[in-house]
Every structure is written in C-alpha cells, then in structure tokens.
Amino acid sequence: MLNKYARAFFTRVLTPFAAFLIRLGVSPDTVTLVGTAGSVTGALVFFPRGEFFWGTITITLFIFSDLVDGNMARQLGRSSRWGAFLDSTLDRVADAAIFGGMAMWYAGKGDNDLLCAVAVFCLASGLVVSYTKARAESQGLPCDVSGLVERAERLVISLVAAGVAGLATFGVPYVEWLLPVALWLVAVGSLVTVVQRMVTVRREAFEADRVAAGS
Ligand SMILES: CCCCCCCC/C=C\CCCCCCCC(=O)OC[C@H](COP(=O)(O)O[C@@H]1[C@H](O)[C@H](OP(=O)(O)O)[C@@H](O)[C@H](O)[C@H]1O)OC(=O)CCCCCCC/C=C\CCCCCCCC
Ligand SMILES: Nc1ccn([C@@H]2O[C@H](COP(=O)(O)O)[C@@H](O)[C@H]2O)c(=O)n1
Ligand SMILES: [Mg+2]
Ligand SMILES: [Mg+2]
C-alpha cells in the first residue's frame, strides 16, 4: 500500500537530493552500499543495547537511500539488472539487521524469550515474503499481489514503534509497549502476506502450466 501510494510523494521530495548527488559524481551503487552500511550499523550498534531512539534515528537517516538509489539510476538512464539485484539483496541485509538487533535486545538485557522469538519470526517471515516474489519472478510468474505487509509497511510499523518506545530512555512514560505491539503486528501481517503470495503464485503457476500443456 505504501509502495503504491507513498512512493510518488517521496519520489517528488527526494528527486532534487538525488540530482544533487549525481552532480557530486556519486553513483547509485555507492548510495545503495552506504545506505545499507548505515542502516546495519545503526541497528546492530544501538538496538542490542536497548537504545531504540538513537538506533531508529540512525536507521531512518540511511534507509531512505533505498528510494534515492533507484531515483538516481532512473535520472541517469542507467537502471540496470545488476542495480536491481544489488538493491534487493541489500534490502534483505538491512532488514535482517533491524529485526536481528531487536531480537538481540530481547535475548539479552531486554530478557523476554517470547518477544525474542517474535522478532526472529519477523526477520524470517520478512525474508520469505520477499523470496516468494523473487522465486516466482525467476520462473516467469508475476506474483501479481503485493499483500498486506510489504517491506515499506514492515519498516514503518517497526521503526515508528521503536523510535517512540525509545523515548522511554528520556523518561517518557507508557511507551515501551509500542515495540512489542508492532512486532506482533508485523509478525501476523507477514504471515498473512506469505499466504496471500503463495495462493496467488499457485494460481499463476497452474494457469501457466495449463497454457503450456495446451500449446
Ligand atoms: C511521533 C513520531 C511519529 C513519527 C512519524 C514518522 C512518520 C513516518 C511516516 C511515514 C514514512 C513513510 C515512508 C514510506 C515510504 C515508502 C515508500 C516506498 O515506496 O517504499 C518502498 C521501497 C522499497 O522499494 P524496493 O523496490 O527497493 O524494494 C523491494 C521490496 O523490498 C520488496 O520487498 P517485499 O515487499 O517483497 O518484502 C522486494 O520484493 C523487492 O525485491 C525489493 O526490490 O523503499 C523502502 O522499502 C524503504 C522504505 C523506507 C521506510 C522508512 C521507514 C522510516 C519510517 C519511520 C521512521 C520513524 C522514525 C520515528 C522516530 C520517532 C522518534 C520520536
Ligand atoms: N544501485 C542501484 C539501485 C537501483 N537501481 C534501479 O532502481 C530500481 C529500484 O528502484 P527504487 O526506487 O526502489 O530504489 C532497481 O530495480 C534498478 O532498476 C539501479 O539501477 N542501481
Ligand atoms: Mg532502492
Ligand atoms: Mg530496495
């Protein structure tokens, strides 16, 4: 949903910044790599220590690079298969660090085995959501459904919750519960999305096989 409705807005907002980076001679691949490195660092340095506010601020600063790199490639007329592969592959690395960092907090000082498991489930199910599309597309099937919770939703729900929950460190009361609620939402939403995509790909696969058998 966000990918459909918010992307146009962010494209407009980020286009001048993408053009500025192009004038500086920065390449889209550099933006992809630096953005991922920043997100991973923010997640793995701050989240395992329970510093959710600063972790979220750091990740947010870098994660928008994922909207800038493609924008730059399109402005340059240099969208490439390699760029698409690099972008998608490093998305998975950043997502794994974000939910992995949260799981490390609950496995350590956060001391909550159930929430650790939920965070690990978010990590794994998010990867599976993306894999369903990648594997379907590799077989020439469109996987023509976005599903309930795409990457943008997973990130917005979990990062807004982590950022606000992190305000507890500064004495803001009653905000810690936000992160557990967000993790449960992302876990259930991702599970639903996996099922939605599998059902769609099953239909597309049977249809393609029927057409192939008839020809
Ligand atoms: C009181 C505090 C309130 C704070 C409010 C903050 C509000 C912020 C609200 C909204 C921000 C919305 C940003 C949403 C932008 C989404 C736009 C978009 O199109 O994103 C999609 C895009 C993914 O594109 P790709 O094509 O590169 O990726 C594909 C995708 O990964 C597919 O995955 P799948 O869906 O299948 O799982 C893959 O299949 C495919 O391979 C892959 O190519 O970009 C992104 O995903 C990046 C999104 C950035 C989201 C940023 C989230 C940050 C949001 C909030 C941080 C808030 C911080 C709050 C601090 C509070 C402190 C008090
Ligand atoms: N280093 C890169 C990154 C991306 N691309 C191209 O952009 C598409 C993704 O667009 P986003 O707006 O989602 O970033 C991707 O499929 C590539 O075509 C690129 O060429 N090089
Ligand atoms: Mg991108
Ligand atoms: Mg991406």
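If you're wondering where the values come from, they're calculated on a predicted model, not measured in any experiment.

Parameters and conventions
Residues numbered from 1 in each chain as written. Chains lettered and ligands numbered in written order. Predicted model: local features only at pLDDT ≥ 70, side-chain atom pairs only at ≥ 80, totals over all residues. Heavy atoms only, no water. Helix = DSSP H or I, 4+ residues; strand = E, 2+ residues; numbered from the N terminus. Contact = heavy atoms within 4.5 Å. Near = heavy atom within 4 Å. Polar contact = N/O pair within 3.5 Å; in protein donor to acceptor, adjacent residues only side chain to side chain. Areas by Shrake-Rupley, 256 points an atom, 1.4 Å probe, with all protein chains shown as cover. Nonpolar A, V, L, I, M, F, W, Y, C, P; charged D, E, K, R; others polar.

S.K.: Would you mind going over the side chain of Thr 193 with me for this structure?
M.R.: Relative to the assigned elements, Thr 193 resides in helix 8 (residues 178-214). Those residues in contact with Thr 193 that sit more than four places away from it in its chain are Val 129, Ser 146, Gly 147, Leu 148 and Val 149.

S.K.: Sorry if this is basic, but what is going on with the site of ligand 2 here?
M.R.: The full set close to ligand 2 counts 15 residues, and Arg 7, Asp 29, Asp 66, Asp 69 and Arg 74 are the nearest of them. Taking Arg 7, its side chain carries an N or O atom lying 2.9 Å from an oxygen atom of ligand 2. Within the contact set of ligand 2, an oxygen atom lies 2.9 Å away from a side-chain nitrogen or oxygen of Arg 74. Contact with the protein chains hides 83% of the accessible area of ligand 2, taken as 470 Å² for the molecule alone. When residues of the shell around ligand 2 are assigned to their parent elements, the largest contribution, five residues, is made by helix 4 (residues 65-76). Grouping the amino acids of the shell around ligand 2 by side-chain chemistry returns three nonpolar, five polar and seven charged.

S.K.: Help me understand the site of ligand 1, please; the structure alone is not making it clear to me.
M.R.: Around ligand 1, the surrounding shell holds 28 residues, and the nearest of these are Asn 3, Ser 88, Ser 130, Arg 154 and Arg 197. Taking Arg 92, its side chain carries an N or O atom lying 3.0 Å from an oxygen atom of ligand 1. Protein contacts shield 74% of the accessible area of ligand 1, which totals 1,200 Å² for the unbound molecule. A total of eight residues in the shell around ligand 1 trace back to one element, the largest contributor, which is helix 7 (residues 151-165). Class assignment of the residues belonging to the shell around ligand 1 gives a composition of twelve nonpolar, six polar and ten charged.

S.K.: Even after reading the chapter, I still don't get the environment of Leu 167, so can you show me in this structure?
M.R.: As for its position among the elements, Leu 167 is in the loop between helix 7 and helix 8. Sequence separation of Leu 167 and Glu 51 is 116 residues, and the distance between their C-alpha atoms is 9.2 Å.

Coordinates in, geometry out; function isn't part of it.
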